[in-house]
Amino acid sequence: MPRPQQWGDDDILEFVTLKAGGQSFCIEITQIREIRRWTPVTALPHAEDSVLGVMNLRGAVIPIIDLAARLGLGECDASSRHVIIVVAIGEMTVGLLVESVSEILTVEGKQICEAPTMGGRDAPNSILGLISIEEGMSRILAPEILVPRGLTDAA
Amino acid sequence: MARDDLRATFFAECEDLLDQLSEGTQALEAGTAEDETVHAIFRAVHSIKGAAGAFGLNNLVTFAHSFETVLDRLRSGALVLDTDAMHTILRSGDMLADLVELAQAESDEVPDAMPGILERLGDLSGVSEPEPALQGGSADGEEELFGFAPLALAPIDLDEAGPAEPEGYRIRFATVPALFRHGHDPVLLFSHLAALGDLETHCDVSGLPEAGAFDPDRCYLAWTLLLRGDASEAAIRDVLIFLDDFCEIEPLSDQNDLGETADFDVMGTSVRPFADASEARAAPAPEAIAPSQPPAGAVTALPQTEPAAPVEKATVEKQKGPAKPAAAMSQTTLRVDPERVDRLINTVGELIINQAVIAQKLIESGFASNSDIMGDLDDYQYLARELQEGVMAIRAQPVKPLFQRMQRIVREAGEMLGKDVVLVSEGEATEIDKTLVERLAEPLTHMIRNAVDHGIETPDKRVAAGKPAQGTIRLSAAHYSGDVLIEIADDGAGLNRERILETAVRKGLVASDAKLTDPEIDNLLFMAGFSTAEKVTNLSGRGVGMDVVKTAITSLGGRVSISSRPGQGTRFSIALPLTLAVMDGMVIRAAGETLVAPLSSVVETIRPKPEDLMPYGRDGHLLSIRGTYVPIVNLANLLGFTADYDVTPNNILILIRSEHSGLVALAVDDISDQRQVVIKSLEGNYGTIEGISAATILGDGRVALIIDTDAILSLAGNLGRDRAAIEETGHAQAAAMG
């Protein structure tokens, strides 16, 4: 299976795997700023459903997005057992609410499989590739699509 | 790259030099100039010319050269400063500023007025043709390219160097027997003076009587103070305002500085021209300290040897020391990238929030308020606040440059309209946030132009009204209970209320049978689409009126008000917050969410009586208040937090005023606090949200959104629609008429 072009065969890559909507996903570690416990957020008016609100990250106000809802996997009922992954997307800093963070995967570029395109409604470019793990596979997320539609227009 | 840096430095220096220039020309115009003033102007122009040559800015060099020639004649006494010459000098200063601006924009454009002014300068310089300055200028430039870095200090020029600036003042205090009885304490006065610069005090105790005759209520002492530094005479006079009659202030220049022939290098040490001399004199006697009590036995008096008697009124030109390379040490200000300061401000803001979070958590975990840790926390809070104030102070800038720019506006507007107007500014040292200084320029310009155009009458009308032909506009700034108060007052005809009302009625802004009080009529000026100018001049009345000014001020979190007395003039007052980084907010709760309303737009808060709430339409409500009806908006509903739009007497109503929708009441659940909040932008990480201007972080660490009252009101579109319709008719009519 051909590999996504952004990774070379011999690149050593690190991914953080996480669970959202019952599925395993992963994000390249260089994009992750920190991982925090869930704390209640301040709701934003007129925001789309996956935007839970904003929270205070040491003085910066960052939006929190329910990853499961964002990917169409149903809303996550946030509780203190949930985790927020703070990711940097371009100039923006965004928090992703996920069920849990599992482990750090170290893989070589050639271990990454291209994600098949199926034309599903949440498929377009949201998954960059797949990595086989013990319990099956983990989906590599494209952080750009995690920014809610409309946000980037407004900014 | 390095050249770009140099350019940037050049323009930054130019700004300072132009400030000095305009300060000097104003002093010339006001007649308060001293010999040194002309030299300072000359040096400023010369410095600009020199550096401009290095960058090949030929227009600038040519012009500066002609200007400089005239100034040179002026300082040598070959040119008499009459009204005409003064006028040319002022115009030239403005032109030089324009040219610098053009050069900065990398434009080679020659301003229309330049040939005319050059010709006038040519007349004044006594040379029929302006000298071919270009070659000379660029030659100068080559030379000075190497010495560019110390540009700020002074030009290095053998022939044209003026004597050193008076870097200080001598203040002589006569013995005032009743000094103490009048409640003055010299120590306080002197310590105020010491804050202005480097103060040296010498006490004359020769008036002290024998111990037996000593009257403790009486002051027997006289003082001579030497204040070094760049404090202005006005600042000194401010301190000594109540003792004005008893003290004598004179600048310390080489002339009156002990009559010593100071052989220091004019340029190189111009920073402290009299330091050498004074140190030499101070050496033999221990430095005296102002006594706090009259029995001042311990005070060593200095031999008062008439230090400052300048016997010969020598020509100022005598100081022409050999030029040494200027030492780069007079840099008293620090140029810092504003972004760094902003980052610091942000971090400190976070520190304060963090402190509040810790305090709250400690209280929650049961620490008594008198426990050790809470005491330490109080210290922490105190330090954090100190730090915040200090950091904010870095951003603070005096309004002086802004006010000086207004001088030019008045001059140009007056000239164009044939009015004789003088701008008197007060409180130039008042400091406000840098951003505020920048963003005030436009509204202030507009208001000043308005004052010249509409406020001040023509000279003959003024004379006919028994007023001096010259109109005065007073521009003042002062700190007032946490705000900065800026006032623009003219001594013109005052507002023509009849005409204002008539116009407003004609434009459909008020009902024709409305009975308005005088202040209400005055405030009509601020309504959108209002402009009283009977004919459209290119000064004011370009369709944009005072409503634009008001919007600009409001967007800075400020308020503007107006007062006027027929025949005596009009006064506009602007109250601004000290900084844009924090604001006063009212912390409110709506549908479980915490929000902050800017206090500046809150008119009042009301807990309504059931009988004051009137249903209106299908689901609207009106509040009956003092005989008028105000629409009520359920804030939580408006922001989409709840589908419930009902308003009950349990709600608290917050009356807010906006420029476009008038008074509206926001229904909220509760008001929990009123406090200063640190403003955090949402745009970086999220984007803009309708109805929300920014966010802040409260003591519990939670984010609270700050509502944008104007946007909130336009969100409540259906409420504003009727008014909007009226306004549109007004606009349409205005357009039809304009």
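Scroll up for the structure.
As a starting point, this report considers the structure included with it. (Residues numbered from 1 in each chain as written. Chains lettered and ligands numbered in written order. Predicted model: local features only at pLDDT ≥ 70, side-chain atom pairs only at ≥ 80, totals over all residues.)

### Quick notes on the overall build of chain A
Part 1 of the argument: Scanning chain A from terminus to terminus reveals 2 helices and 11 strands.
Part 2 of the argument: Its helices and strands in sequence order give chain A the pattern β-β-β-β-β-α-β-β-β-β-β-β-α, from N to C terminus.
Part 3 of the argument: Going through the 155 residues of chain A one by one, you find that 33% of them count as buried.
Part 4 of the argument: Taking all contacts inside chain A whose residues are at least 6 apart in sequence as the whole, residues at least 24 apart take part in 59%. (Helix = DSSP H or I, 4+ residues; strand = E, 2+ residues; numbered from the N terminus. Buried ≥ 20, exposed ≤ 12 C-beta atoms within 10 Å, placed from the backbone. Contact = placed C-beta atoms within 7 Å.)

### Regarding the overall build of chain B
Part 1 of the argument: From N to C terminus, chain B includes 20 helices and 22 strands.
Part 2 of the argument: Within chain B, the fraction of its 738 residues that count as buried is 38%.

### Section: the sheet that holds strand β3 (residues 222-228) of chain B
Residue and element names in this part refer to chain B.
Part 1 of the argument: Read from one edge of the open sheet, 4 strands run β2-β3-β1-β4, paired in antiparallel fashion. Only two strands of the sheet have a single neighbouring strand rather than two, namely β2 (198-204) and β4 (247-251). Strand after strand, the sheet turns through a mean of 15° between neighbouring axes, direction not considered.
Part 2 of the argument: In terms of strand pairing, β2 meets β3 through 7 bridges, oriented antiparallel. Each bridged residue has a counterpart across the sheet, and for Asp198 the counterpart in β3 is Arg228. (Pairing = 2+ DSSP bridges. Axes fitted to C-alpha atoms, helices over the stretch in contact; angles between N-to-C directions.)

### Remarks on the sheet that holds strand β9 (residues 112-113) of chain A
Residue and element names in this part refer to chain A.
Part 1 of the argument: Read from one edge to the other, the open sheet built from 6 strands follows the order β8-β1-β2-β11-β10-β9, with strand pairing classed as mixed. Unpaired on one side and paired on the other, β8 (100-108) and β9 mark the two borders of the sheet.
Part 2 of the argument: Judged from the 6 bridges that link them, strand β1 (residues 12-20) and strand β2 (residues 23-28) form a sheet pairing that is antiparallel. Residue pairing across strands places Phe15 opposite Glu28, the latter belonging to β2.

### Quick word on the pairing of strand β5 (residues 60-66) of chain A
Residues and elements named next belong to chain A.
Part 1 of the argument: Of all 7 residues that make up β5, 6 are buried, and the element is covered over most of its length.
Part 2 of the argument: Of the strand pairs in this sheet, strand β4 (residues 51-57) and β5 are connected by 6 bridges, and their pairing is antiparallel. By the bridge assignment for β5, Asn56 is matched with Val61.
Part 3 of the argument: Here β4 hands over to β5 after 2 residues, with Arg58 in that stretch at a positive phi of 45°.
Part 4 of the argument: In the sheet, β5 pairs with strand β7 (residues 92-98) via 3 bridges, with the strands oriented parallel. Bridge pairing in β7 places Asp66 opposite Leu97.

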